[in-house]
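Next come the chains, spelled out residue by residue.
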Protein chains: 2
Amino acid sequence: MNVIFEALAHPTRRAILEMLKGGSRTAGEIADAFDVSKPTMSGHFHKLKEAGLIHADQRGNSILYSINMSVLEEALLGFMGKMGVSARTEGEAT
Amino acid sequence: MNVIFEALAHPTRRAILEMLKGGSRTAGEIADAFDVSKPTMSGHFHKLKEAGLIHADQRGNSILYSINMSVLEEALLGFMGKMGVSARTEGEAT
DNA sequence: TAGCCTGTTAGCTATTTAGCTAAATAGCTA
DNA sequence: TAGCTATTTAGCTAAATAGCTAACAGGCTA
């Protein structure tokens, strides 16, 4: 769980996840969307992968990254549960 | 929002929040519950305060810390919203 | 007011992080 | 197989993080 929150601590990594929410992308496609070098992006991919938040798929020449929603959900809902944050935005029927 | 996720990235800080969920505590009470020095704990308080996640109240000699639930909720639910994570653990009626 | 708590600030160290360029690896294609 | 493309690894630097001890400051109380 800690490794997940550490991964979420960087804005670029959250933005990567947000981008992947819209569908899988290659490392290059993702990197092009940000203003840092590819090696730096590769480092971010590594942390996200380490946290289990994304999954890499070798696709011929390139690598297709996809988000692992269940891991993200489990972490967020799990933490919210521990914190007693209602998981419902409206209704509030505890 | 970034400052909040950075604050949540450290396990001790998440544990502090979890402890405060059960009610306000003085700095000393909180510090006693963890195995690091008081100055280190003071640093954690500072980051949590900076993120708006806790609130300090001078109570005579000591400082009473309380959690700021609305800030935490807003950040978590906001991020979940952006990520398309359903805020409902069951039902899933999109 | 002198001393005692409580908590923070100062100042230090070691480690980690995030960024870079250059080089290496892996797969495709001519 | 030579070369091209895509991505990672290596190796570096600067800055941030988390920890410590020692010293300071604010508020009680004898």
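Computed from a predicted structure; not experimentally measured.

**Student:** Any details on the side chain of His44 of chain B? Residues and values, ideally.
**Tutor:** All names here are of chain B. Relative to the helices and strands, His44 resides in helix α4 (residues 38-50). A residue is classified by how much of its surface remains accessible, and His44, at 9% relative accessible area, is buried. In contact with His44, not counting residues within four places along its chain, are His10, Thr12, Arg13 and Ile16.

**Student:** Got a sec to walk through the pairing of strand β3 (residues 62-67) of chain B? Specific residues and values, please.
**Tutor:** Residue and element names in this part refer to chain B. Of the pairings in the sheet, the one linking strand β1 (residues 25-26) to β3 comprises two bridges and is antiparallel in character. Residue Thr26 lies in a different strand from β3, and its bridge partner there is Leu64. The sheet contact formed by strand β2 (residues 54-59) and β3 spans six bridges and is antiparallel. Pairing of Ala56 across the sheet is with Tyr65, part of β3.

**Student:** Got a sec to walk through the environment of Tyr65 of chain A? Specific residues and values, please.
**Tutor:** All names here are of chain A. Mapped onto the elements of the fold, Tyr65 is located in strand β3 (residues 62-67). Between the C-alpha atoms of Tyr65 and Ile30, which are 35 residues apart in sequence, the distance is 8.9 Å. In contact with Tyr65, not counting residues within four places along its chain, are Leu20, Ser24, Arg25, Ala27, Ile30, Phe45, Lys49, Ile54, His55 and Ala56.

**Student:** Tell me about the interface of chain B and chain A, and please be specific about residues and values.
**Tutor:** Counting from both sides, the interface comprises 28 residues of chain B and, opposite them, 28 residues of chain A. Carbon and sulfur atoms supply 71% of the area that chain B and chain A bury against each other, a total of about 2500 Å² over both sides. Among the residues chain B hides against chain A, the three largest losses belong to Arg14, Phe79 and Met83 of chain B. Together they make up 23% of the total. Connecting chain B to chain A are one salt bridge. Where chain B meets chain A, there are four residue pairs in polar contact (both at pLDDT 80 or more). Elements represented by at least two residues in the side of chain B that touches chain A include exactly α1 (2-8), α2 (11-21) and α5 (69-83) of chain B. Among the elements that take part in the side of chain B that touches chain A, α5 of chain B stands out by supplying nine residues, more than any other.

**Student:** Could you give me a rundown of the protein's contact with DNA strand D, with the residues and numbers involved?
**Tutor:** Taken together, 21 residues form the shell around DNA strand D, and within it Gly28 and Tyr65 of chain A together with Ser37, Thr40 and His44 of chain B come nearest. Within 4 Å of the protein, the contacting atoms of DNA strand D are 77% sugar and phosphate, with bases supplying the remainder. The side chain of Ser42 of chain A places a nitrogen or oxygen atom 3.0 Å from a phosphate oxygen of DNA strand D. Here Ile63 of chain A contributes a backbone N or O atom positioned 3.3 Å from a phosphate oxygen of DNA strand D. Elements with a minimum of two residues in the surface near DNA strand D: α3 (27-32), α4 (38-50) and β3 of chain A together with α4 of chain B.

**Student:** Describe the protein's contact with DNA strand C, naming the residues involved and giving the relevant values.
**Tutor:** Around DNA strand C there are 21 residues in total, and Ser37, Thr40 and His44 of chain A together with Gly28 and Tyr65 of chain B lie nearest to it. Within 4 Å of the protein, the contacting atoms of DNA strand C are 78% sugar and phosphate, with bases supplying the remainder. Take Arg13 of chain A: an N or O atom from its side chain is 3.1 Å from a phosphate oxygen of DNA strand C. The contact in question runs from a phosphate oxygen of DNA strand C to an N or O atom on the backbone of Ala27 of chain B, over 3.2 Å. Among the secondary structure elements, those contributing two or more residues to the surface near DNA strand C are α4 of chain A together with α3 (27-32), α4 and β3 of chain B. Here the surface near DNA strand C is composed, by residue class, of seven nonpolar, eleven polar and three charged.

Calculation notes
- Residues numbered from 1 in each chain as written.
- Chains lettered and ligands numbered in written order.
- Predicted model: local features only at pLDDT ≥ 70, side-chain atom pairs only at ≥ 80, totals over all residues.
- Heavy atoms only, no water.
- Helix = DSSP H or I, 4+ residues; strand = E, 2+ residues; numbered from the N terminus.
- Buried < 20%, exposed > 50% of the residue type's maximum accessible area, 1.4 Å probe, protein only.
- Contact = heavy atoms within 4.5 Å.
- Pairing = 2+ DSSP bridges.
- Buried area = accessible area lost by both parts, 1.4 Å probe.
- Salt bridge = Lys/Arg side-chain N within 4 Å of Asp/Glu carboxyl O.
- Polar contact = N/O pair within 3.5 Å; in protein donor to acceptor, adjacent residues only side chain to side chain.
- Near = heavy atom within 4 Å.
- Nonpolar A, V, L, I, M, F, W, Y, C, P; charged D, E, K, R; others polar.

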